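# Summary of structural features
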Amino acid sequence: MKNFVKPFISPSKLIYPSPHKKGPPPSPPPPPPPLKFDIIIAQVYGPAANIYKDIFEVSPTASQHELKEAYLRKSNEIQVKLVKLSNNNRKSILTSKERTIAKKKKLLLTQLTA
C-alpha cells in the first residue's frame, strides 16, 4: 500500500493570487463622460471653444476682477435677450435658433458659477 501525501499549498497563495496571471492585460478604464457645461459649450460655441476668448471675451491671463466683470456683462446681455423672449404676445426679436442659443448660454453661465 502506498501512502498518498497531499501537496502542501501555502495559505498565502490562496489569499494573495499570483501577479503573473495568464491572459490578456486588462483594458484601461473608459474616459470620464464630459461635464454637462462642456457639452453646452461645444453646441453653442463649437468644439474648439475657448472659455476666455469666445465666451467671456477676455485674455487668458485676465485677473479675477476682469473675469468677474466679464461674467456680469455677459450675464446681463443674456438676461436682456431672455426678457425680450418672455414677451410672448409681441413678435419675437430673436429667431428660434437665437432663442435656443440664448437659453443654452444662460444655463451654461449658471452651471459655470455653481
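Look up: the structure comes first, before these words.
Reference entry: report on the structure contained in this document. From a predicted model like this one, the values you see are computed outputs, not experimental measurements.

### Some details on the environment of Lys68
Mapped onto the fold, Lys68 is located in helix 4 (residues 64-86). Accessibility expressed as a relative area gives 55% for Lys68, which makes it exposed.

### Description of the environment of Tyr71
One can find Tyr71 in helix 4. The exposure class of Tyr71 is partly exposed, given its relative accessible area of 23%. Sequence separation of Tyr71 and Glu57 is 14 residues, and the distance between their C-alpha atoms is 9.6 Å.

### Some words on the pattern of salt bridges
As enumerated under the stated definition, the model contains 2 salt bridges in all. Between Lys74 and Glu57 there is a salt bridge; the shortest N-O distance is 3.7 Å. In this pair, Lys74 is assigned in helix 4 and Glu57 in the loop between helix 3 (51-55) and helix 4, connecting sequence segments 17 residues apart. Note on Lys74: relative accessible area 9%, which makes it buried. A salt bridge links Lys74 to Glu77; the shortest N-O distance between them is 3.8 Å. On the criterion of helical spacing, the pair formed by Lys74 and Glu77 is a turn pair, its members being 3 residues apart in helix 4. Classification of Glu77 by relative accessible area gives partly exposed; the value is 37%.

Conventions we followed
Residues numbered from 1 in each chain as written. Predicted model: local features only at pLDDT ≥ 70, side-chain atom pairs only at ≥ 80, totals over all residues. Heavy atoms only, no water. Helix = DSSP H or I, 4+ residues; strand = E, 2+ residues; numbered from the N terminus. Buried < 20%, exposed > 50% of the residue type's maximum accessible area, 1.4 Å probe, protein only. Salt bridge = Lys/Arg side-chain N within 4 Å of Asp/Glu carboxyl O.

Geometric values such as these leave the question of function open.
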